[in-house]
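Understanding the architecture of this molecule
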Amino acid sequence: MAADHATRQHRLIEQRSLQIGVGASAVMAVAGLWVHVLSGSYALLLDGLYSAVMVGSGLVAARISRNVVRPPDRAYPYGYDGQEALYVLFRSLVLIGVLSFAAAAGLGTVIDYAKGRSIAPVSLGPVAFYAITMVVICWGLAWRHQQDWQRTGQQSQLLLTEAKAARIDGLMSGLTGLALLIAPLLQGTALAGLMPITDSLLVLVVSAVVLGEPVRAFLTALGQAAGASAESDTIRTTRAAIEDLLAGLSCWLLDLTVMQVGRTAFVVVYLNPSQPMDGAAIDVIRHRIEERCHQLMGRPVRSEVILTATSPFPSPGAA
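Residues numbered from 1 in each chain as written. Predicted model: local features only at pLDDT ≥ 70, side-chain atom pairs only at ≥ 80, totals over all residues. Heavy atoms only, no water.

As for the overall build of the chain
Heads up, the condition is: What counts as a helix is a DSSP run of H or I of at least four residues, what counts as a strand is a run of E of at least two, and both are numbered from the N terminus. Using a 1.4 Å probe on the protein chains alone, a residue whose accessible area is under 20% of its type maximum counts as buried, one over 50% counts as exposed, and one in between counts as partly exposed.
Scanning the chain from N- to C-terminus turns up nine helices and three strands. Counting from the amino terminus, the chain carries its helices and strands in the arrangement α-α-α-α-α-α-α-α-β-β-α-β. Each principal axis of the C-alpha atoms in the chain carries an extent, and together these give about 85 × 50 × 30 Å. Scored against the burial criterion, the 319 residues of the chain give a buried share of 42%.

See below:
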């Protein structure tokens, strides 16, 4: 009962944090589009679009937060944990698309300028106020998500992803605003020729710097969705823990697999019993394995115990 109560409390904290994130991101998205209209800056438009993606991802994340804690059923026999990995996967794809489009547009402007075409100047009137306000909101939001991630046992990939996104958004807003405001100082210097395309160059730089985060998140989520194994260190420590747990029992550990999908670890253990075992005995072993792995990994664990006489995987030296 205590574990169920803690799970419900964690879910409420997670959902409340995501709701706050959606509201804050909506404000930032509208502000970014509004300041783009006033200033003509496409770097600030990119900042607003990034916030708009956070609104959409926050709404999806709130829905997944309600689903991911549901137990397996006939519709999803392996549970709903995979939805968390898919959320990170497709959110990363959307961000990669937005950043790539912005970079292409910025590069097009630079090429037009090189060909001698005139570029509309950026109005700096609202930029300072916008940049300061966005940085405060973003870092406050990142702090809230980070605190709630820690309060919920550091398990929620949803909160961790949103916290990273908020920090990146704040960095984008601050650096973009600062660069636009100091651009007039280039007047009279050797870099004065870059003033008309400062905005476009900012778009290119921001896109290149920020692109790394969604690409890394995409590759990680892609591996989880594809069923890739956990890191070797995790497998090694899990194997040692399970071998210690099985010491003295009438079965041998042949092999095991560990996969992480979202916040949940899936552990499949292959055992060779030395004597007949009934279903009740296997259930007890599986329950103990889940408890031990949960203590070891600090995250929800689902496990399966398979009785077999041979290892399911060839040895590393096998052809």
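A look at the side chain of Ser200
The cut-off we apply is this: Residue contacts are counted whenever heavy atoms from the two residues lie within 4.5 Å of one another.
Structurally, Ser200 can be placed in helix α6 (residues 198–210). Ser200 gets classed as buried once you look at its relative accessible area, which sits at 8%. Among residues more than four places away in sequence, those in contact with Ser200 are Gly106, Thr109 and Val110.

Points about the packing of helix α2 (residues 42–68) against helix α3 (residues 82–114)
The criterion, for reference: With axes taken as lines fitted to C-alpha atoms, and helix axes fitted only over the stretch in contact, angles between N-to-C directions fall between 0 and 180 degrees. Note on angle classes: values under 35 degrees are labelled roughly parallel, values over 145 roughly antiparallel, values of 65 to 115 roughly perpendicular, and the remainder oblique. All residues other than Ala, Val, Leu, Ile, Met, Phe, Trp, Tyr, Cys, Pro, Asp, Glu, Lys and Arg, Gly among them, are scored as polar; the first ten of these are nonpolar and the last four charged.
Relative to each other, α2 and α3 sit at 170°, their axes nearing to 10 Å. Between α2 and α3, the angle falls in the class roughly antiparallel. For the pair formed by α2 and α3, the contact residues are Leu46, Leu49, Tyr50, Val53, Met54, Ser57, Val60, Ala61, Ile64, Asn67 and Val68 on the first element and Gln83, Glu84, Tyr87, Arg91, Val94, Leu95, Val98, Leu99 and Ala102 on the second. When the residues that make up the contact of α2 with α3 are grouped by side-chain class, the tally is 15 nonpolar, three polar and two charged.

Digging into the pairing of strand β3 (residues 301–307)
For the record, the criterion: Any two strands with at least two DSSP-identified bridges between them are counted as paired. With the strands pointing away from the viewer, any crossover whose connection runs clockwise from the first strand over the helix to the second is right-handed.
Examined bridge by bridge, strand β2 (residues 264–273) and β3 share seven bridges and lie parallel to one another. Its bridge partner lying in β3, Tyr270 is registered against Ile306. Note that the unit made of β2, helix α9 (residues 279–297) and β3 has a crossover that is right-handed.

Describing the layout of surface pockets
Heads up, the condition is: Throughout, the protein atoms alone are placed on a 1 Å grid, and a set of points is a cavity if a 1.4 Å probe fits but cannot get out or a pocket if it is open with protein on both sides within 12 Å along at least five of seven lines; lining residues have an atom within 4 Å of a point. Grid points are joined across faces, edges and corners, and a volume is the space filled by probe spheres set on the points.
For the second largest pocket, the calculated volume is near 620 Å³. As for the second largest pocket, its lining consists of 25 residues, of which Gln157, Thr220, Ala221, Gln224 and Gln260 are closest to the centre. Only α3, α5 (157–182), α7 (212–226) and β1 (251–261) provide two or more residues apiece to the lining of the second largest pocket. No other element matches the seven residues that α7 contributes to the lining of the second largest pocket.

Some remarks on α7
In plain terms, the rule: To estimate the expected span of a helix, subtract one from its residue number and multiply by 1.5 Å.
Here α7 contains 15 residues, and its C-alpha end-to-end distance of 21 Å stays within 8% of the 21 Å for a straight helix at 1.5 Å per residue. Where α7 is buried, its residues meet α2, α3, α5, α6 and β1. Two residues or fewer past α7, Gly227 is found with a positive phi of approximately 90°.

A few points about the packing of α3 against α6
Short version of the rule: Left-handed describes a crossing whose near helix is turned anticlockwise from the far helix through less than a right angle; right-handed describes the clockwise counterpart.
The interhelical angle for the contact between α3 and α6, taken along N-to-C directions, is 150°, at an axis separation of 8 Å. By the angle between their axes, α3 is roughly antiparallel relative to α6. The two elements α3 and α6 cross, and the hand of that crossing is left-handed. Counting all contacts with α3, which are made through Leu99, Ala102, Ala103, Gly106, Leu107, Thr109 and Val110, the residues of α6 involved are Ser200, Leu201, Val203, Leu204, Ser207 and Val210. Of the residues belonging to the contact of α3 with α6, the class tally is nine nonpolar, four polar and no charged.

Digging into the sheet that holds β1
Across the sheet, three strands lie side by side as β1-β2-β3; this open sheet has mixed pairing. Across the chains shown, the open sheet's two edge strands, defined by having one partner strand only, are β1 and β3. Neighbour to neighbour, the strand axes of the sheet diverge by 15° on average, direction disregarded. One ladder, built from ten bridges, connects β1 with β2; its direction is antiparallel.

A look at the pattern of salt bridges
Heads up, the condition is: Think of a salt bridge as a Lys or Arg side-chain nitrogen and an Asp or Glu carboxyl oxygen that are within 4 Å of each other.
Tallying each qualifying case throughout the model produces seven salt bridges. Of the charged contacts, one joins Asp148 and Arg144 as a salt bridge, the two residues approaching to 2.8 Å between their closest N and O atoms. With Asp148 and Arg144 both in helix α4 (residues 127–151), this residue pair falls four residues apart, about one helical turn. Residues joined by salt bridges that share partners form a network here, namely Arg144, Asp148 and Arg151.

Topic: the packing of aromatic side chains
Ring pairs (aromatic) are described by centroid distance and by the angle formed between their planes. This is how it is decided: Aromatic pairing here means that ring centres of Phe, Tyr or Trp (its six-membered ring) are within 6.5 Å. Orientation follows from the plane angle: under 30 degrees is stacked, over 60 is edge-to-face, and everything else is tilted.
Enumeration according to the criterion identifies two aromatic pairs in this entry. With a centroid separation of 6.0 Å and an interplanar angle of 85°, the aromatic rings of Tyr270 and Phe313 are classed as edge-to-face. Pair noted here: Tyr270 is in strand β2 and Phe313 is in the segment after β3, with a separation of 43 residues, a long-range link. On the accessibility criterion, Phe313 (38% relative accessible area) is partly exposed.

Focus: the nonpolar core
Considering soluble globular proteins, one finds that nonpolar side chains tend to be buried as a cluster. Selection criterion: Remark: nonpolar core denotes a set of buried residues (Ala, Val, Leu, Ile, Met, Phe, Trp, Tyr, Cys) joined through side-chain atoms within 4.5 Å.
By size, the foremost hydrophobic cluster in this structure holds 30 residues, and its most contacted members are Leu46, Tyr50, Met172 and Val210. Of all elements in the fold, only α1 (2–39), α2, α3, α4, α5 and α6 reach the threshold of two or more residues within this core.

Observations concerning the environment of His294
This is how the line gets drawn: Residues adjacent in sequence count toward polar contacts only when both atoms are side-chain atoms; beyond that, a polar contact is any pair of N or O atoms within 3.5 Å, and within protein one must be able to donate a hydrogen and the other to accept it.
With respect to the helices, strands and loops of the structure, His294 is situated in helix α9. In this view, His294 contacts Gln155, Arg299, Pro300 and Val301; residues no more than four positions away in its chain are not counted. A polar contact of 2.8 Å, which involves the side chain of His294, links it to the backbone oxygen of Arg299.

Nothing here speaks to function; it is all geometry.
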